[in-house]
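# Remarks on the overall topology
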Amino acid sequence: MPRLSEFYGIAIYMYFADHDPPHFHAIYAEYEALIRIDNGAIVRGDLPATAMRLVEQWRAMHQDELTANWAAAQVPAALSAIEPLR
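Okay, so let's go over this structure. (Residues numbered from 1 in each chain as written. Predicted model: local features only at pLDDT ≥ 70, side-chain atom pairs only at ≥ 80, totals over all residues. Heavy atoms only, no water.)

### What about the packing of aromatic side chains?
The relative placement of two aromatic rings is captured by the distance of their centres and the angle of their planes. In this structure the tally under the stated criterion is 2 aromatic pairs. Measuring from centroid to centroid gives 5.7 Å for Phe24 and Trp58, while their planes differ by 75 degrees, and the two rings are edge-to-face. With Phe24 in strand S3 (residues 23-28) and Trp58 in helix H1 (residues 49-61), this residue pair connects regions lying 34 residues apart in the sequence. The same class applies to Phe24 and to Trp58, which are both buried. Taken together, the ring pairs in this structure connect Phe7, Phe24 and Trp58 into an aromatic cluster. (Phe/Tyr/Trp six-rings, centres within 6.5 Å; stacked < 30°, edge-to-face > 60°. Helix = DSSP H or I, 4+ residues; strand = E, 2+ residues; numbered from the N terminus. Buried < 20%, exposed > 50% of the residue type's maximum accessible area, 1.4 Å probe, protein only.)

Right, here's the structure in full:
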């Protein structure tokens, strides 16, 4: 599972050939959530509120890059790193 980004202790991953809907995995300490790329809804799991706010801010800023990585992951092809939240 390639790591796309990491910020404030939150790691963002995406699996190759993963199931729909298009999503990414956000991991923070013992928490993990699968988050939809299109609307930021949690598909499964959970994150603390502060971590979720940071992930949502990052997702909104990088939605196009996440969508492109999702398409590449379905081939599968190399994924691109995404700038962390600063």
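This is not the end of the story, as more comes after the structure.
### Overview of the pairing of strand S1 (residues 3-7)
Examined bridge by bridge, S1 and strand S2 (residues 10-13) share 4 bridges and lie antiparallel to one another. Directly across from Phe7, in S2, lies its bridge partner Ile10. Between S1 and S2, which follow one another and run antiparallel, lie 2 residues, and Tyr8 among them has a positive phi close to 50 degrees. (Pairing = 2+ DSSP bridges.)

### Details of the nonpolar core
Ranked by internal contacts, the top residues of the largest apolar core, which has 22 residues, are Ile12, Met14, Phe24 and Val55. Counting residues per element, the ones that place at least two in this core are S1, S2, S3, strand S4 (31-36), H1 and helix H2 (63-74). (Core = buried A, V, L, I, M, F, W, Y, C linked by side-chain atoms within 4.5 Å.)

### What to know about the sheet that holds S1
The strand order across the open sheet formed by 5 strands is S1-S2-S3-S4-S5, and the pairing between neighbours is antiparallel. Of all the strands in the sheet, the pair left with one neighbour each is S1 and strand S5 (42-46). For this sheet, the mean angle separating the axes of adjacent strands, direction not counted, is 20 degrees. Examined bridge by bridge, S4 and S5 share 4 bridges and lie antiparallel to one another. Within the sheet, the bridge partner assigned to Glu32 lies in S5 and is Asp46. (Axes fitted to C-alpha atoms, helices over the stretch in contact; angles between N-to-C directions.)

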